[in-house]
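For reference, the chains in residue letters:
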Amino acid sequence: MATIARLAAGSRIGLGLAAVGRPGYINLGRAADLPADRTVEALRARAAELLDQAYAAGVRYVDVARSYGRAEEFLAHWLRSRPDVDDVVVGSKWGYTYTAGWRVEAETHEVKDHRLATFERQYAQTRELLGDRLDLYQIHSVTPDSPALHDVALHRRLADLGRQGVLVGLSTSGPRQAEVIRDALGVRVDGEPLFRSVQVTWNLLEPSAGPALAEAHDAGCVVIVKEALANGRLAVREDVGDAIALAAALHQPWATIVLSGAATGDQLASNLRAQTLTVDPARWAELAMPVDRYWQERAALPWT
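Residues numbered from 1 in each chain as written. Predicted model: local features only at pLDDT ≥ 70, side-chain atom pairs only at ≥ 80, totals over all residues. Heavy atoms only, no water.

Colleague: Lay out the pairing of strand β12 (residues 257–260) with the relevant residues and their values.
Modeller: In β12, alternate side chains face the same way, and those of Ile257 and Leu259 on one face and Val258 and Ser260 on the other are all buried. As paired strands, strand β1 (residues 13–16) and β12 are joined by three bridges and run parallel to one another. Bridging across to β12, glycine 14 finds its partner in leucine 259. Examined bridge by bridge, strand β11 (residues 222–226) and β12 share two bridges and lie parallel to one another. Following the sheet pairing, isoleucine 224 is matched in β12 by isoleucine 257. (Buried < 20%, exposed > 50% of the residue type's maximum accessible area, 1.4 Å probe, protein only. Helix = DSSP H or I, 4+ residues; strand = E, 2+ residues; numbered from the N terminus. Pairing = 2+ DSSP bridges.)

What follows is the structure, encoded as structure tokens:
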């Protein structure tokens with residue numbers, strides 16, 4: 001596929017805009033990372049700075065989502081401002097609606113809905129912003145109870161999208177990621193696999209999805225690693241640090257792209273160092289946490 005070939009031509013590190021597309025997120029250290037006045041204009045400028053820096057360093061995959069505040073809008077603005085950039089692969093996600101109203105503190109930051117009607121609404125919104133620059137569209141944070149795994153009408157609509165040249169995939173979250181990946185690999189429309197990409201949490205604290213990700217890779221899927229720094233928890237550890245944590249993910253033979261969620265230029269530069277490191281993830285195997293405990297602690301992280 002053309003999209004897969006384009007991914008192979010760039011850095012294996014991608015840039016995710018979750019941390020700069022909205023004023024509030026669950027990563028650690030945001031008070032120091034972002035401007036005190038987190039206006040739309042300030043974060044649009046920060047996103048553009050990161051995109052410029054990442055592109056100059058060879059990064060060619062950018063990850064956004066409908067629920068990342070104005071991340072799609074910021075990316076679209078940057079693409080329009082850089083007519084020289086025609087080789088970036090753009091991935092977005094649908095299935096969560098941003099509801100925080102550009103506030104750090106909100107009763108509900110996002111609402112999940114994986115039904116066909118939500119796809120139609122959010123796909124139209126994504127297309128309005130990104131137009132034909134959209135290369136990859138994923139269902140956001142699928143869990144075993146998601147109707148997206150069994151909704152035949154949705155599957156056929158997604159297959160239509162795939163026939164138009166957009167890679168169709170899903171992201172996962174929660175302690176049963178491996179189960180979701182394997183269920184997704186079994187979904188077929190007219191005898192053909194529907195899902196061509198998976199975006200999954202894998203890190204030294206939570207590596208449980210590894211065997212299922214190897215199966216996805218062997219089945220021909222693009223495998224995108226998210227939260228390789230465990231929302232900052234690995235970045236602040238003196239025995240690991242950001243570059244080593246990212247390098248451990250890059251070391252996995254099934255990983256196509258490993259996302260940086262950098263919110264500052266210094267963080268991005270440090271993240272990109274991972275490409276120069278040779279690490280043995282087995283050295284940090286004892287860091288792996290019980291899966292349920294990891295996800296309980298993640299769920300308790302405050303939006304800041």
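Back to the text.
Colleague: Explain the nonpolar core to me, using residue names and the numbers behind them.
Modeller: Formed by 93 residues in total, the largest nonpolar core has its most connected members in Leu17, Leu75, Leu158, Leu170, Phe195 and Leu213. Ranked by the residues each element gives to this core, the list is headed by helix α3 (residues 40–56), at seven residues. Each residue touching leucine 170, except ones within four places of it in the same chain, is listed here: Gln138, Ile139, Val142, Leu149, Val180, Ala184, Phe195, Ser197, Val198 and Gln199. Core analysis: the second largest hydrophobic core is formed by nine residues, Leu7, Tyr61, Leu136 and Ile257 among them. (Core = buried A, V, L, I, M, F, W, Y, C linked by side-chain atoms within 4.5 Å. Contact = heavy atoms within 4.5 Å.)

Colleague: Tell me about the packing of aromatic side chains, and name the residues and values.
Modeller: Summed over all chains, the structure comprises nine aromatic pairs. With 6.0 Å between their ring centres and 75 degrees between their planes, tyrosine 25 and tryptophan 303 make a pair best called edge-to-face. In this pair, tyrosine 25 sits in the loop between β1 and α2 (30–33) while tryptophan 303 sits in the segment after α11 (291–299), placing the two residues 278 residues apart along the sequence. Residue class for tyrosine 25 comes out buried when judged on its relative accessible area of 11%. (Phe/Tyr/Trp six-rings, centres within 6.5 Å; stacked < 30°, edge-to-face > 60°.)

Colleague: Mind laying out the environment of aspartate 242, listing which residues take part and the relevant values?
Modeller: Of note, aspartate 242 is situated in helix α9 (residues 242–250). For aspartate 242, a relative accessible area of 16% corresponds to the buried category. Linking aspartate 242 and alanine 255, residues 13 residues apart in sequence, is a C-alpha distance of 17 Å. What aspartate 242 contacts, discounting residues up to four positions off in sequence, is Leu229, Ala235, Gln267, Ser270 and Asn271. A polar atom in the side chain of aspartate 242 sits 2.8 Å from the side chain of serine 270. (Polar contact = N/O pair within 3.5 Å; in protein donor to acceptor, adjacent residues only side chain to side chain.)

Colleague: Would you mind going over the environment of histidine 140 in detail, with residue names and values included?
Modeller: Within the element layout of this structure, histidine 140 appears in strand β6 (residues 134–142). Residue classification places histidine 140 among the buried positions, given a relative accessible area of 8%. The spacing of histidine 140 and lysine 93 is 47 residues in sequence and 5.4 Å in space, taken between C-alpha atoms. Leaving out residues up to four positions away in the same chain, histidine 140 has contacts with Ala65, Ser67, Tyr68, Lys93, Trp94, Gly95, Tyr96, His114 and Ser171. There is a polar contact of 3.5 Å between the side chain of histidine 140 and the side chain of serine 67.

Colleague: Got a sec to walk through the packing of α9 against helix α10 (residues 265–272)? Specific residues and values, please.
Modeller: Here α9 crosses α10 at 45 degrees, and the two axes come no closer than 8 Å. In terms of orientation, α9 and α10 fall into the oblique class. Read as a crossing pair, α9 and α10 show a hand that is right-handed. Facing Asp242, Ala243 and Leu246 of α9, the residues of α10 in contact are Gln267, Ser270 and Asn271. (Axes fitted to C-alpha atoms, helices over the stretch in contact; angles between N-to-C directions. Parallel < 35°, antiparallel > 145°, perpendicular 65-115°, else oblique. Left-handed = near helix turned anticlockwise from the far one by under 90°.)

Colleague: Tell me about the pattern of salt bridges, and name the residues and values.
Modeller: The tally for this structure, following the rule as stated, stands at 21 salt bridges. When the shortest N-O distance is used, the salt bridge between arginine 66 and glutamate 72 registers 2.5 Å. Residue glutamate 72 is classed as buried on the basis of its relative accessible area, which comes to 1%. The closest approach of N and O atoms between arginine 293 and glutamate 297, which form a salt bridge, is 3.1 Å. Placement of the pair is arginine 293 and glutamate 297 together in helix α11, with a separation of four residues, close to one helical turn. Classification of arginine 293 by relative accessible area gives partly exposed; the value is 43%. With a relative accessible area of 33%, glutamate 297 lands in the partly exposed category. Here the salt bridges do not stand alone but share partners, grouping Arg44, Arg70 and Glu73 into one network. (Salt bridge = Lys/Arg side-chain N within 4 Å of Asp/Glu carboxyl O.)

Colleague: Got a sec to walk through α3? Specific residues and values, please.
Modeller: Given a rise of 1.5 Å per residue, 17 residues ought to cover 24 Å, and the 24 Å separating the end C-alpha atoms of α3 matches this to within 8%. Every buried residue of α3 is listed here: Val40, Leu43, Arg46, Ala47, Leu50, Leu51, Ala54 and Tyr55. The buried residues of α3 occupy one face: seen down the axis, they fall within an arc of 160 degrees. Exposed side chains of α3 directed beyond 90 degrees from the buried face belong to Glu41 and Ala56. Turning to α3, the residues buried within the fold contact β1, α2, β2 (61–63), α4 (71–81) and α10. With its phi angle positive at about 100 degrees, glycine 58 sits one or two positions after the end of α3. (Expected span 1.5 Å × (residues − 1). Arc of directions from axis to C-beta.)

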